[in-house]
Amino acid sequence: MTDLEIVLITGMSGSGKSVALHALEDAGYYCVDNLPPELLEDFVRLQHVHHGNRVAIAIDARSATSLPNLPRELEKLQRLKASGLHLHVVFLDASTSTLVRRFSETRRRHPLSQSEGPDGRQDLVQIIERERELLGDIREHAHVIDTSNIRGAQLQSYIKALLKAPTNQMTLVFQSFGFKHGIPVDADYVFDVRMLPNPYYDAELRPLSGKDEPVQNFLRQQPDVGAMQTHIAQFLDHWLPVLNANHRSYVTVAVGCTGGQHRSVYLVEQLALRYQAQWSTLRRHREMDSRALAQTPTH
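Each value, and the rule that gives it
Residues numbered from 1 in each chain as written. Predicted model: local features only at pLDDT ≥ 70, side-chain atom pairs only at ≥ 80, totals over all residues. Heavy atoms only, no water. Helix = DSSP H or I, 4+ residues; strand = E, 2+ residues; numbered from the N terminus. Rg over C-alpha atoms; globule rule 2.2 N^0.38 Å. Buried < 20%, exposed > 50% of the residue type's maximum accessible area, 1.4 Å probe, protein only. Lys, Arg positive; Asp, Glu negative; His and termini not counted. Charge placed at Lys NZ, Arg CZ, Asp CG, Glu CD. Pairing = 2+ DSSP bridges. Axes fitted to C-alpha atoms, helices over the stretch in contact; angles between N-to-C directions. Contact = heavy atoms within 4.5 Å. Parallel < 35°, antiparallel > 145°, perpendicular 65-115°, else oblique. Left-handed = near helix turned anticlockwise from the far one by under 90°. Nonpolar A, V, L, I, M, F, W, Y, C, P; charged D, E, K, R; others polar. Phe/Tyr/Trp six-rings, centres within 6.5 Å; stacked < 30°, edge-to-face > 60°. Lys NZ or Arg CZ within 6 Å of the ring centre and 35° of its normal. Polar contact = N/O pair within 3.5 Å; in protein donor to acceptor, adjacent residues only side chain to side chain.

Peer 1: Would you take a moment to explain the overall build of the protein chain for this structure?
Peer 2: Check the secondary structure of the protein chain and you find 10 helices and 9 strands. Relative to the globule expectation of 19 Å for 299 residues, the C-alpha radius of gyration of the protein chain, 20 Å, shows essentially globular dimensions. Each principal axis of the C-alpha distribution contributes one length, and for the protein chain these read about 60 × 55 × 40 Å. Counting the 299 residues in the protein chain, one finds 48% classified as buried. On the protein chain, the mean spot of the 32 positive side-chain charges and the mean spot of the 34 negative ones are 2 Å from each other.

Structure below.
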């Protein structure tokens with residue numbers, strides 16, 4: 001087998017898998033939706049012959065009866081790495097309240113739903129929690145993206161950036177966020193920096209972000225900011241090699257302040273700079289990315 005890149009999209013129903021597949025299709029991948037897990041290995045070999053070396057596959061709760069087979073099928077594909085196969089497993093997730101709202105807005109039935117009960121919302125919550133249990137083992141082997149508070153275009157850009165990361169080493173994702181918008185469910189580690197001096201209270205710095213030099217200069221002058229950066233780095237310096245030795249493919253480190261604009265953005269930028277020479281590194285700024293997309297003209 002010559003070089004073959006496989007992207008497996010899985011995750012919670014209503015979390016944005018169709019958006020992710022569209023992004024992959026636009027990027028030149030041959031895409032197939034709702035493939036039964038037991039056909040995965042044969043399908044990969046067949047598609048490599050007929051459709052080139054870039055394939056994207058969506059597998060989710062619609063194949064509920066055979067989902068327990070998926071981890072074993074993924075192990076079979078992992079053994080083909082030496083033959084030139086590169087595998088990305090992406091798990092799309094969202095908070096239960098977000099998923100309930102999305103199903104209510106679209107009026108679509110959940111794929112695990114058997115019948116309509118007297119309390120439709122409560123039934124849906126229970127179904128979603130059952131789906132989480134069903135997909136739990138798969139989630140542990142994937143890069144998780146929380147779509148609760150991001151737009152479709154934002155998810156597409158995250159998917160495309162992820163595909164540029166090499167598959168032969170662990171990838172670090174540093175993500176800033178605002179606590180007032182919720183903690184990202186895709187984070188492996190969350191660091192709270194709300195106790196640090198806040199540039200928001202300086203009228204000249206308020207409209208700027210942690211990427212702007214005046215804000216960076218302000219935060220560099222704060223001893224507690226430097227101490228926090230050092231402590232986070234000390235934690236990561238100790239545990240990243242352990243995670244890598246445990247064959248982790250992705251680690252997401254989330255740094256949160258109140259609004260996700262100044263302190264968390266600054267620290268994510270600094271940490272990414274520190275580790276980019278040693279690890280494959282991605283940066284995400286959840287709140288800033290969302291605002292930037294909202295301000296982008298649609299015409």
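From this point, the narrative continues.
Peer 1: Looking at this structure, I do not really get the sheet that holds strand β8 (residues 250–257). What am I missing?
Peer 2: Strand pairing in a sheet relies on backbone hydrogen bonds. The paired strands run either parallel or antiparallel. Judged by pairing direction, the sheet is parallel, and its 4 strands sit side by side in the order β7-β8-β6-β9 without closing on themselves. Because the sheet does not close on itself, it has two edges, and the strands there are β7 (189–192) and β9 (280–285). Pairs of neighbouring strands in the sheet enclose a mean axial angle of 20°, with direction left out of account. With 6 bridges joining them, strand β6 (residues 171–178) and β9 adopt parallel strand pairing. Bridged to T171 within β9 is S280. Helix α9 (residues 263–275) rests against β6, β8 and β9 of the sheet, and its axis sits at about 170° to β6.

Peer 1: Just to check I follow, could you spell out the packing of helix α8 (residues 223–245) against α9 for this structure?
Peer 2: Describing two packed helices takes the angle between their axes plus the distance from one axis to the other. The contact between α8 and α9 brings their axes to 11 Å, and the two run at 45°. Here α8 is positioned oblique relative to α9, judged by the angle of their axes. Here the hand of the crossing between α8 and α9 comes out right-handed. When α8 is examined against α9, the residues V225, M228, Q229, I232, A233, L236, D237 and L240 are found in contact with a partner set consisting of Y266, L267, Q270, L271, R274 and Y275. Of the residues contributing to the contact of α8 with α9, the split by class is 10 nonpolar, 2 polar and 2 charged.

Peer 1: Would you mind showing me how to read the packing of aromatic side chains here?
Peer 2: Here a ring pair, both rings aromatic, is described through the centre-centre distance and the interplanar angle of the planes. If you walk through the whole model with that rule in mind, you get 5 aromatic pairs. Pairing F191 with F235 gives two aromatic rings, centres 5.8 Å apart and planes at 75°, and the pair type is edge-to-face. Placement of the pair is F191 in strand β7 and F235 in helix α8, with a sequence separation of 44 residues. Overall, the relative accessible area of 16% leaves F191 in the buried class. Counting every residue linked through ring pairs, the aromatic cluster contains Y189, F191 and F235. It is R284 that lies over the ring of Y158; its NZ or CZ is 4.7 Å from the centre.

Peer 1: Which parts of the structure should I look at to understand the pairing of strand β3 (residues 54–58)?
Peer 2: On any regular strand, side chains alternate: one points to one face of the sheet, the next to the other face. Counting buried positions along β3 gives 4 out of 5 residues, so the element sits mostly inside the fold. In the sheet, strand β1 (residues 4–11) pairs with β3 via 5 bridges, with the strands oriented parallel. Residue pairing in the sheet places I6 in a bridge with V55 of β3.

Peer 1: I keep staring at the environment of S15 and nothing clicks. Help me out?
Peer 2: Here S15 is to be found in the loop between β1 and α1 (17–26). The buried category is assigned to S15, whose relative accessible area is 1%. Side-chain polar atoms of S15 contact the backbone oxygen of M12, separated by 2.5 Å.

Peer 1: Would you mind going over the sheet that holds β1 with me for this structure?
Peer 2: A sheet is described by the order of its strands in space; here 5 strands give the open sequence β2-β3-β1-β4-β5, paired in parallel fashion. Single-partner strands in this sheet number two, and they are β2 (30–33) and β5 (143–146). Averaged over all pairs of adjacent strands, the angle between their axes in this sheet comes to 20°, without regard to strand direction. Relative to β1, α1 is tilted by about 165°, and along the sheet it contacts β1, β2, β3 and β4 (85–93). Together, β1 and β4 form the strand contacts of helix α3 (residues 70–78), whose direction differs from that of β4 by roughly 150°.

Peer 1: Just checking my understanding: could you explain unusual backbone geometry for this structure?
Peer 2: Positive phi, close to 65°, is recorded for N34, a residue that is not glycine. Mapped onto the fold, N34 is located in the loop between β2 and α2 (40–51). Given a relative accessible area of 29%, N34 falls into the partly exposed group. Positive phi outside glycine occurs at R107, with the angle close to 60°. Note that R107 resides in the loop between α4 (96–106) and α5 (120–139). Here R107 falls in the exposed class, since its relative accessible area comes to 77%.

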